[in-house]
Amino acid sequence: MLEMTRAEFEELVAEALDRIPPELMRLMDNVAVFVEDEPPAEDPELLGLYEGTPLTDRGEWYAGVLPDRITIYRGPTLRMCDNREDVVSETEVTVVHEIAHHFGIDDARLHELGYG
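- In the nomenclature of an unreviewed UniProt entry, the protein chain corresponds to Metallopeptidase family protein from the organism Streptomyces pathocidini.

## Looking at the side chain of threonine 91
- Among the structural elements, threonine 91 can be located in helix H4 (residues 84-102).
- Setting aside residues up to four positions removed in sequence, threonine 91 forms contacts with Phe9, Leu12, Val13, Ala16 and Thr77.

## Some points on the pairing of strand E2 (residues 48-51)
- With burial as the criterion, only one face of E2 is covered, namely that bearing Gly48 and Tyr50; the residues Leu49 and Glu51 on the opposite face remain uncovered.
- Bridge analysis of E2 against strand E3 (residues 68-73) gives four bridges, and the strand direction is antiparallel. Residue pairing across strands places tyrosine 50 opposite isoleucine 70, the latter belonging to E3.

## With respect to helix H1 (residues 6-18)
- End to end, H1 covers 18 Å across 13 residues, agreeing with the expected 18 Å (1.5 Å per residue, within 8%).
- Phe9, Leu12, Val13, Ala16 and Leu17 are the residues of H1 that are buried. For H1, the arc enclosing every buried residue in end-on projection is 140°, short of the 170-degree limit, so these residues lie on one face. Away from its buried face by more than 90 degrees, H1 exposes Ala7 and Asp18.
- On its buried face, H1 sits against helix H2 (22-25), strand E1 (31-36), E3, helix H3 (74-80) and H4.

## Focus on unusual backbone geometry
- Residues other than glycine seldom take positive phi values, yet asparagine 30 does so here, at roughly 60°.
- Looking at the element boundaries, asparagine 30 is found in the loop between H2 and E1.

## As for the sheet that holds E2
- Taken in spatial order, the three strands of this open sheet run E1-E3-E2, and their pairing is mixed. The sheet is open, and its two borders are formed by E1 and E2, each paired with just one other strand. For this sheet, the mean inter-axis angle between neighbouring strands, taken without regard to orientation, is 15°.
- The sheet contacts of H1 involve E1 and E3, and relative to E1 the element is tilted by about 150°.

## What to know about the nonpolar core
- The biggest cluster of nonpolar side chains holds 18 residues, and the ones touching the most others in it are Met4, Phe9, Val13, Ile72, Val87, Val95 and Ile99.
- Among the elements that make up this core, the one with the highest residue count is H1 (five residues).
- With sequence-adjacent residues up to four places away left out, valine 95 is seen in contact with Val13, Ala16, Leu17 and Ile72.

## Some words on H4
- Along its 19 residues, H4 runs 27 Å from first to last C-alpha, staying within 8% of the 27 Å computed at 1.5 Å per residue.
- Elements that come into contact with the buried residues of H4 comprise H1, E1, E2, E3, H3 and helix H5 (107-112).
- In this structure asparagine 83 caps H4, since a side-chain oxygen of it lies 3.1 Å from the backbone nitrogen of glutamate 85.
- Just past H4, the residue glycine 104 takes up positive phi, approximately 90°.

About the cut-offs
- The numbers attached to residues start from 1 for each chain and follow its sequence in the written order.
- Confidence filtering applies because this is a predicted model: local features only for residues at pLDDT of at least 70, side-chain atom pairs given and counted only at 80 or more, and all residues used for totals across whole chains, interfaces and linings.
- Each side-chain value is worked out from all heavy atoms of the structure, with water and hydrogens disregarded.
- Under the scheme used here, helices are H or I runs from DSSP no shorter than 4 residues and strands are E runs no shorter than 2 residues, and both carry numbers assigned from the N terminus.
- In what follows, a contact means two residues having at least one pair of non-hydrogen atoms within 4.5 Å.
- Think of it in three bands: residues with accessible area under 20% of the maximum for their type are buried, residues over 50% are exposed, and the middle band is partly exposed, with areas taken using a 1.4 Å probe on protein chains only.
- By definition, two strands form a pair when at least two bridges between them are found by DSSP.
- Expected helix span is taken as 1.5 Å per residue step, with the number of steps being one fewer than the number of residues.
- It is the directions from the helix axis to the C-beta atoms whose arc is reported.
- Angular values range over 0 to 180 degrees, each being the angle between N-to-C directions of two axes fitted as lines to C-alpha atoms, with helices fitted over their stretch in contact.
- Here the nonpolar core consists of buried residues drawn from Ala, Val, Leu, Ile, Met, Phe, Trp, Tyr and Cys, with membership extended through side-chain atoms lying within 4.5 Å.
- In protein, a polar contact means a hydrogen-donor-capable atom and an acceptor-capable atom, both N or O and within 3.5 Å, with residues adjacent in sequence counting only if both atoms are side-chain atoms; elsewhere, any N or O pair within 3.5 Å suffices.

Below, the structure written as C-alpha cells:
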C-alpha cells in the first residue's frame, strides 16, 4: 500500500476542493467535507460518500437541518493507487463525484461523464 499521512491526504482533498470552479462552490449549501481513514466495514472499497439531501430535492421544508456530509476515505484510495500522481487524480475524481451528488447528479450520469 502506498504510504501517505492523513495530513498529506487531507491536503490533497483541500486542493481538489480548491479546483472546483468558484461559481459551483458558491452554489453549495449546508455541506461539510471530511476525511476518514476507512469506510464502513460493509463497503471496504468505498472511496467517498455523500450523505444528505441533494439541492434538487430540497423544498420549503428544508430548514434547520444538520449539514450534508461528504466523506473521502484515505485507506481504499491509497490501496488502489500506485503512486502519488494516481492519488491526486483519484482524490480529485472522488471529490467531484461526491459534490455532484450534492447537486443531484446520480451515479449513472457521473459514469457517463467519466467520474465513475
